[in-house]
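# Structure assessment
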Amino acid sequence: MTATPALAKGVDKGVLTGPGLSGPLRIEPGDERSSASLDLIREGSGVNPALIAELPGEFLAGPPPGELGPRYRLAWHLPEDDSEVVQDLYPYAPGAPVVHTPAQKHVVRAGWRQAPAFLKDALVGIGLPREAPAAWWTSWWWAAAPAAVIATAGAVVILRRRSAGAGAGARRPTPSA
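Before going into details, it helps to say that this report is about the structure given with it.

Rules used in this analysis
Residues numbered from 1 in each chain as written. Predicted model: local features only at pLDDT ≥ 70, side-chain atom pairs only at ≥ 80, totals over all residues. Heavy atoms only, no water. Helix = DSSP H or I, 4+ residues; strand = E, 2+ residues; numbered from the N terminus. Expected span 1.5 Å × (residues − 1). Buried < 20%, exposed > 50% of the residue type's maximum accessible area, 1.4 Å probe, protein only. Pairing = 2+ DSSP bridges. Axes fitted to C-alpha atoms, helices over the stretch in contact; angles between N-to-C directions. Contact = heavy atoms within 4.5 Å. Salt bridge = Lys/Arg side-chain N within 4 Å of Asp/Glu carboxyl O. Phe/Tyr/Trp six-rings, centres within 6.5 Å; stacked < 30°, edge-to-face > 60°. Polar contact = N/O pair within 3.5 Å; in protein donor to acceptor, adjacent residues only side chain to side chain. Core = buried A, V, L, I, M, F, W, Y, C linked by side-chain atoms within 4.5 Å.

## Some remarks on helix H1 (residues 32–45)
- The end-to-end C-alpha distance of H1, which contains 14 residues, comes to 20 Å, matching closely the 20 Å that a straight helix rising 1.5 Å per residue would cover.
- Here H1 has its buried residues at Ser37, Leu38, Ile41, Arg42, Gly44 and Ser45.
- A positive phi of about 75 degrees marks Gly46, the residue just after H1.

This is the structure in structure tokens:
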């Protein structure tokens, strides 16, 4: 399969979204630094080999074994027909980042690949946290646990007072005749 003329140049910019980001991270050409970041991320993610059959690239049918960490979505822009190609990135996977390119329009090689370690460094350079953000349930749990303990202790105190008050009211002495 060969690349169509519309895809001969590949992607020109992208947007990264995912946990721990303050907002979408734009990956665009511009000054020397941003253009270098675009080139590194494009190369590290393997997006162009996924789109252009003449470029070398190996993709696996399934993910590597084990936990991959949080998923980030990288939406690439194809300028020739103003369309989008998405990849799922796992930059905190043990050993090196992992990239999944799902089957979609324009993709000639779909699958999984172990990306070079420099991909994570390039993503950190544009704003990805150096360390994986805590899982939502972990951060939620530590924030909510003290409030839950206080609420439970308060409920116990209230119930004990009510039961003590009800017990005292039930033991009223009877008037003597």
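## Quick word on the environment of Ala53
- Relative to the helices and strands, Ala53 is located in the loop between helix H2 (47–51) and strand S3 (72–78).
- Ala53 sits 56 residues away from Arg109 along the chain, and the two C-alpha atoms are 7.5 Å apart.

## Section: the sheet that holds strand S4 (residues 83–90)
- In spatial order, the strands read S2-S1-S3-S4-S5-S6; together these six strands make up an open sheet with antiparallel pairing. The open sheet is flanked by strand S2 (25–27) and strand S6 (111–114), the only strands paired with a single partner. Direction aside, neighbouring strands of the sheet carry axes that sit 25 degrees apart on average.
- Here strand S1 (residues 13–17) runs beside S3; their pairing, made up of five bridges, is antiparallel. Looking at the pairing, Thr17 lines up with Arg73 of S3.
- Strands S1, S2, S3, S4, strand S5 (98–101) and S6 of the sheet are contacted by H1, whose axis makes an angle of about 110 degrees with S3.

## Things to note about the pattern of salt bridges
- Enumeration according to the criterion identifies three salt bridges in this entry.
- Among the salt bridges present, the one from Arg42 reaches Asp39, with a minimum N-O distance of 2.5 Å. With a gap of three residues between them, Arg42 and Asp39 both fall in helix H1, about one helical turn apart.
- The class of Asp39 is partly exposed, set by a relative accessible area of 41%.

## Side note on the environment of Val124
- Considering the arrangement of structural elements, one finds Val124 in helix H3 (residues 118–125).
- For the pair Val124 and Pro91, spaced 33 residues apart in the sequence, the C-alpha separation amounts to 9.5 Å.
- The contact partners of Val124, leaving out residues within four places of it in the chain, are Pro129 and Arg130.

## Quick notes on the packing of aromatic side chains
- Enumeration over the complete set of coordinates arrives at two aromatic pairs.
- Measuring from ring centre to ring centre gives 5.9 Å for Tyr90 and Trp112, while their planes differ by 25 degrees; the resulting arrangement is stacked. One end of the pair, Tyr90, is in strand S4; the other, Trp112, is in strand S6, with 22 residues separating them in the sequence.
- With relative accessibility at 11%, the residue Tyr90 sits in the buried group.

## Re the side chain of Ser83
- Its location among the elements puts Ser83 in strand S4.
- Separated by 2.6 Å, the side chains of Ser83 and Asp81 make a polar contact.
- Sequence-distant contacts of Ser83, defined by excluding residues within four places in its chain, comprise Trp76, His77, Leu78 and His106.

## Looking at the nonpolar core
- With 25 residues, the main nonpolar core has Leu16, Ile41, Leu51 and Leu89 as its most contacted residues.
- Sequence-distant contacts of Leu89, that is, excluding residues within four places in its chain, are made with Leu16, Pro70, Arg71, Tyr72, Leu74, Val98, Val99, Leu119 and Leu123.
- Leu68, Tyr90, Ala93 and Trp112 belong to the second largest nonpolar core, which has five residues in total.

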